[in-house]
Every structure is written in structure tokens, then in C-alpha cells.
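# Fold and geometry: a report
In case you want the letters, here they are:
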Amino acid sequence: MPVTAEVWGRSLALVSGSGVFAQGRLDIGTSVLFRETEPPAGGRVLDLGCGYGVIGLAVAACVPAAAVTAVDVNERAVLLANENAAALGVADRYRAATPAGVEPHATYDEIWSNPPIRIGKQALHELLLTWLPRLAPDGRAVMVVGKNLGADSLQRWLGEQGFPTTRLASAKGFRVLESRRG
């Protein structure tokens, strides 16, 4: 299913498919993320919960100095993300994998995510506590979360876990959060 995503002033032609998040479209939360942020400067970037790859592919397409690792538990999403990277010509700087396929000691300058809130609070907390500690000392995580899906309580919880979190923006019922290493 073709999807055209408007990201940081560029138009990306992507393919999504059945069984992946936001099948056939760019979801509202991710569009808010792009509208309310500037792309990272470069470095090692992790797209956490990549789906068909739109966030990490946007980083790879817009930031030539970025090397992107994308991770998702859905093998079909990983396949689509890697196919999209090849079609966009960024496969040399973009690699999607399941968590088991990611180098266990890799660290990241930035983590970008529309996290899978609907997996449940406990599973989400485990996911974030698995990946956020991989931030480099001056690293940051940028996430978009629905206000009605607990963005404000998640912001508090992240701070309590040692990741001071601020709200960068609020639009269309979504919060764009930035977490730092404490």
C-alpha cells in the first residue's frame, strides 16, 4: 500500500502493508512529531517501534550524517522498513531489525519514537527501560504520545526513572516529549 509522508519539508514515497501500525497512512501522532520538531543533527539514531519505517527513514533521508537503526517486534514491519530504505536509496545508513538483531551494546545519540502505547503500561515501561539506557551520555529521546493515552503520566514516570522529560509541543491531542539522561 503506497503512502506519501510529508516530513520536515520533504515528501517520502513509502510502502506500508497489512498487519503493521498505521497501515496505508501516516498516523496523526507521527505527523505531529514531524511538524513540531527539527530533524536531529546526525550521529547514531534509533527508531524505536519503527513500523514500516517512516520516522527512521525520514531521519536517514533528511540527515546525511545520521546512521539509523530501526527496531520493531513485527517481522513484516521490519521487512517493509528495509524495502523502503532500499527504495529511498538510504539502505547504506538505515537498517531495521527485530530486537534480537540489534547489537546488544550499541548506544545511540538520539532515540525517536511513536512508542507502542497500546501494548500496555507494564510492557511499555519495560520497553522504554530496555532502550533508553542505551542513550549516549548527552543523548536524548524524542517521542510523540497521545494525551488521552497517558502522555502526561508517562512524562512524570520517565523523570522518576532518571530520564528528565520536558514537553516540546502539544498539538491535536498529542504531546511531543524530550527525555534526557539524568
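Residues numbered from 1 in each chain as written. Predicted model: local features only at pLDDT ≥ 70, side-chain atom pairs only at ≥ 80, totals over all residues. Heavy atoms only, no water.

## With respect to the pairing of strand E2 (residues 10–15)
To be explicit about the condition: Strands pair, by our definition, only if DSSP identifies at least two bridges between them. Where helices and strands are cited, they refer to DSSP runs of H or I of at least four residues and of E of at least two residues respectively, numbered from the N terminus.
Alignment of strand E1 (residues 2–7) against E2, held across 6 bridges, turns out to be antiparallel. Counterpart to Glu6 in the pairing with E2 is Ser11. Linking two consecutive strands that pair antiparallel, namely E1 and E2, is a turn of 2 residues; a positive phi of about 45° is found at Trp8 within it.

## A look at the environment of Ala91
Rules: Only protein chains enter the accessibility calculation, which uses a 1.4 Å probe; a residue is then buried when its area is under 20% of its type maximum, exposed when over 50%, and partly exposed in between. Throughout, a residue-residue contact means that at least one pair of heavy atoms, one from each residue, lies within 4.5 Å.
With respect to the helices and strands, Ala91 occurs in the loop between helix H3 (75–88) and strand E5 (94–97). Residue Ala91 is classed as partly exposed on the basis of its relative accessible area, which comes to 44%. Taking C-alpha positions, Ala91 is 33 Å from Pro164, a pair spaced 73 residues apart along the chain. Residues within four places of Ala91 in sequence aside, it is in contact with Ala85 and Ala86.

## Here we look at the UniProt feature "domain: Methyltransferase small" (unreviewed entry) in the chain
To keep it simple, the criterion reads: UniProt positions are given in the numbering used here, feature names are shortened, and annotations may be inferred rather than shown by experiment.
With numbering matched to this structure, UniProt assigns "domain: Methyltransferase small" (unreviewed entry) to residues 13–177. Taken end to end, residues 13–177 comprises 32% helix and 29% strand; its first and last C-alpha atoms sit 27 Å apart.

## Quick notes on the nonpolar core
Note the threshold: Only buried residues count toward a nonpolar core, which is a set of Ala, Val, Leu, Ile, Met, Phe, Trp, Tyr and Cys residues joined through side-chain atoms within 4.5 Å.
In terms of nonpolar packing, the biggest core is built from 40 residues, with Tyr52 and Tyr94 touching the most fellow members. Among the elements that make up this core, the one with the highest residue count is helix H2 (residues 54–62) (7 residues). Sequence-distant contacts of Tyr94, that is, excluding residues within four places in its chain, are made with Cys50, Gly53, Gly56, Leu57, Ala60, Val68, Ala70, Ala81, Asn82 and Ala85. Counting 23 residues, the second-largest nonpolar core is a separate cluster that includes Val71, Trp131, Leu135 and Ala141.

## Structural notes on the side chain of Asn84
Mapped onto the fold, Asn84 is located in helix H3. Judged by relative accessible area, Asn84 falls into the buried class, the value being 2%. Leaving out residues up to four positions away in the same chain, Asn84 has contacts with Leu14, Val15, Tyr52 and Leu57.

## Quick look at the side chain of Gln155
The residue Gln155 is located in helix H5 (residues 151–160) in this model. Relative accessible area serves as the criterion here: at 18%, Gln155 is assigned to the buried category. Excluding anything up to four places from it in sequence, Gln155 contacts Thr165, Thr166, Arg167 and Leu177.

## As for the pattern of salt bridges
Between side chains of opposite charge, a pair can form as their charged atoms come close. The cut-off we apply is this: We define a salt bridge as a contact between a side-chain nitrogen of Lys or Arg and a carboxyl oxygen of Asp or Glu at a distance within 4 Å.
Following the criterion strictly, the structure yields 6 salt bridges and no others. The shortest N-O distance in the salt bridge between Asp109 and Arg44 comes to 3.3 Å. With Asp109 in strand E6 (residues 108–113) and Arg44 in strand E3 (residues 43–48), the pair connects residues that are 65 residues apart, well separated along the chain. Overall, Asp109 belongs to the partly exposed group, its relative accessible area being 26%. Between Asp152 and Arg175 there is a salt bridge, with its nearest N and O atoms 2.9 Å apart. Highlighted residues: Asp152 in helix H5 and Arg175 in strand E9 (residues 174–180), separated in sequence by 23 residues. Using a relative accessible area of 9% as the deciding quantity, one classes Arg175 as buried.

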